[in-house]
Amino acid sequence: MMTQQTLSKLKELKLLGMADALQANLGQPAFRSLSFEEQIGILVDSEVSSRESRRLNRLLKVAKLRYPSACLEDVDFRESRGLEKGLFAVLTICDWVRQCRHIIFTGATGTGKSWVACALAVQGCRLGLSAIYRSSSQIAEEIIIAEATGSLPQLKGRLVKAAILVIDDLGLMPFDALVARTLFSIVDERDRLRTGPLVITSQYPTDNWYSLLGDPTVADAILDRIVHSAHHIHLNGDSMRKSRAKD
């Protein structure tokens, strides 16, 4: 009876990890043989683990990553791909987020740009940082719809506040004037508030981006805030999709 009351109170206090651990371990002789301090330690560790897991799941749900299971531990560092292990060891710490250091991935289609970008966003979520993923076509469509429905300020607010903003496949479709101006506003506000960096993937080198961003003046303003303070990573090699198909 006392155990049920304790479980109920733990759940009322939203200590769900402790409640689950207590319920799972009470019938275990090994747990009962532990000292009170050891038992409490196990329950507290379970609560911490449970909260971290729930927080990660919440952040990933909001991020809407194309590859939510991507992780830096699984990055393919074959020399032919052009990825530096040393650089990624530094990126794992996520100081680049706190320093607002943008990351630009370029390379041919299928070389894994989107996957690696998502892996960086997942790492940020693991450390409690918010992330949002949008392909270039998604962000263009959202801006156009938000402008039509009067919800553009709310959309811009969400995109500005995210610690990591991933824009995938930049250049896959050129932006019209409205999208380009709105994107500049988002980039400028993020830069002013230092809320966090962008992670951009593109098949095209940055020199070609001017023609993809609508008005040249707006394009110059956007690139000035991104390109000069970014890690540039070019992925080489054959399409990863072709490799998987052969396997």
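For the structure itself, look to the data block above.
Conventions and cut-offs
Residues numbered from 1 in each chain as written. Predicted model: local features only at pLDDT ≥ 70, side-chain atom pairs only at ≥ 80, totals over all residues. Heavy atoms only, no water. Helix = DSSP H or I, 4+ residues; strand = E, 2+ residues; numbered from the N terminus. Rg over C-alpha atoms; globule rule 2.2 N^0.38 Å. Buried < 20%, exposed > 50% of the residue type's maximum accessible area, 1.4 Å probe, protein only. Areas by Shrake-Rupley, 256 points an atom, 1.4 Å probe, with all protein chains shown as cover. Phe/Tyr/Trp six-rings, centres within 6.5 Å; stacked < 30°, edge-to-face > 60°. Patch = residues over 30% accessible without salt bridge, like charges linked within 9 Å, V, L, I, M, F, W, Y side chains within 5 Å. Salt bridge = Lys/Arg side-chain N within 4 Å of Asp/Glu carboxyl O. Contact = heavy atoms within 4.5 Å. Polar contact = N/O pair within 3.5 Å; in protein donor to acceptor, adjacent residues only side chain to side chain. Expected span 1.5 Å × (residues − 1). Pairing = 2+ DSSP bridges. Axes fitted to C-alpha atoms, helices over the stretch in contact; angles between N-to-C directions.

**Examining the overall build of the chain**
For step 1, the next point in the chain: Of regular secondary structure, the chain possesses twelve helices and five strands.
For step 2, the next point in the chain: A compact globule built from 247 residues should have a C-alpha radius of gyration of about 18 Å, whereas the chain, at 23 Å, is more than 25% larger.
For step 3, the next point in the chain: Considered along the principal axes of its C-alpha atoms, the chain spans approximately 70 × 50 × 35 Å.
For step 4, the next point in the chain: Across the 247 residues in the chain, those meeting the buried criterion constitute 44%.
For step 5, the next point in the chain: Total accessible area on the chain is roughly 13,400 Å²; 54% of this is exposed by carbon and sulfur atoms.

**Some details on the packing of aromatic side chains**
Aromatic ring pairs are reported here in terms of the distance separating the ring centres and the angle at which the planes meet.
For step 1, the next point in the chain: Going through the model one piece at a time under the given rule, you end up with one aromatic pair.
For step 2, the next point in the chain: Consider the rings of Phe77 and Phe88, whose centres lie 5.6 Å apart with planes at 75 degrees: the pair is edge-to-face. Here the residue Phe77 occupies a position in the loop between α4 (36-63) and α5 (85-91), and Phe88 occupies one in helix α5, the gap between them amounting to eleven residues.

**Topic: a nonpolar patch on the surface**
For step 1, the next point in the chain: Side chains of Phe36, Ile40, Val44 and Val48 sit close together on the surface and give an oily, nonpolar patch of about 340 Å² of accessible area.
For step 2, the next point in the chain: For Val48, the location among the structural elements is in helix α4.
For step 3, the next point in the chain: For Val48, a relative accessible area of 42% gives the class partly exposed.

**As for the environment of Gly82**
For step 1, the next point in the chain: Among the secondary structure elements, Gly82 is positioned in the loop between α4 and α5.
For step 2, the next point in the chain: Classification of Gly82 as partly exposed rests on a relative accessible area of 31%.
For step 3, the next point in the chain: Remark: the alpha-carbon pair of Gly82 and Leu235, spanning 153 residues in sequence, is separated by 5.5 Å.
For step 4, the next point in the chain: With near-sequence residues (within four places) excluded, Gly82 lies in contact with His234 and Asn236.

**What about the side chain of Asp169?**
For step 1, the next point in the chain: You can see Asp169 is positioned in strand β3 (residues 164-170).
For step 2, the next point in the chain: What makes Asp169 buried here is its relative accessible area of 17%.
For step 3, the next point in the chain: Apart from residues lying up to four places away in sequence, Asp169 is in contact with Arg66, Ser136 and Thr201.

**Here we look at the side chain of Ser50**
For step 1, the next point in the chain: Structurally, Ser50 can be placed in helix α4.
For step 2, the next point in the chain: In terms of polar contacts, Ser50 uses its side chain to reach the side chain of Arg54, at 2.5 Å.

**A look at helix α10 (residues 177-193)**
For step 1, the next point in the chain: In this model α10 runs 24 Å from its N-terminal to its C-terminal C-alpha over 17 residues, within 8% of the 24 Å that 1.5 Å per residue would give.
For step 2, the next point in the chain: Among the structural elements, α8 (136-149), α9 (152-161), β3, β4 (198-202) and α11 (216-226) are those in contact with the buried residues of α10.
For step 3, the next point in the chain: At the N-terminal boundary of α10, the capping side chain belongs to Asp176, with an oxygen 3.2 Å from the backbone nitrogen of Leu178.

**Comments concerning the sheet that holds β4**
For step 1, the next point in the chain: The parallel open sheet is built from five strands, whose spatial order is β2-β3-β4-β1-β5. Of all strands in the sheet, those with a lone pairing partner are β2 (131-135) and β5 (230-235), marking the two edges. Direction aside, neighbouring strands of the sheet carry axes that sit 15 degrees apart on average.
For step 2, the next point in the chain: The sheet contact formed by β3 and β4 spans four bridges and is parallel. The residue bridging Leu165 from the neighbouring strand is Leu198, located in β4.
For step 3, the next point in the chain: Seen against the sheet, α11 touches β1 (102-107), β4 and β5 and runs at an angle of roughly 110 degrees to β1.

**Details of the pattern of salt bridges**
If the charged atoms of two oppositely charged side chains come close together, the side chains can form a pair.
For step 1, the next point in the chain: Tallied over the full model, the rule gives eight salt bridges.
For step 2, the next point in the chain: Notably, a salt bridge pairs Glu73 with Arg126, separated by 2.8 Å at the nearest N-O pair. Of this pair, Glu73 sits in the loop between α4 and α5 while Arg126 sits in helix α7 (residues 113-126); the two residues are 53 residues apart in sequence, bridging distant segments of the chain.
For step 3, the next point in the chain: Within this structure, Arg66, Asp168 and Asp169 form a network of salt bridges that share partners.

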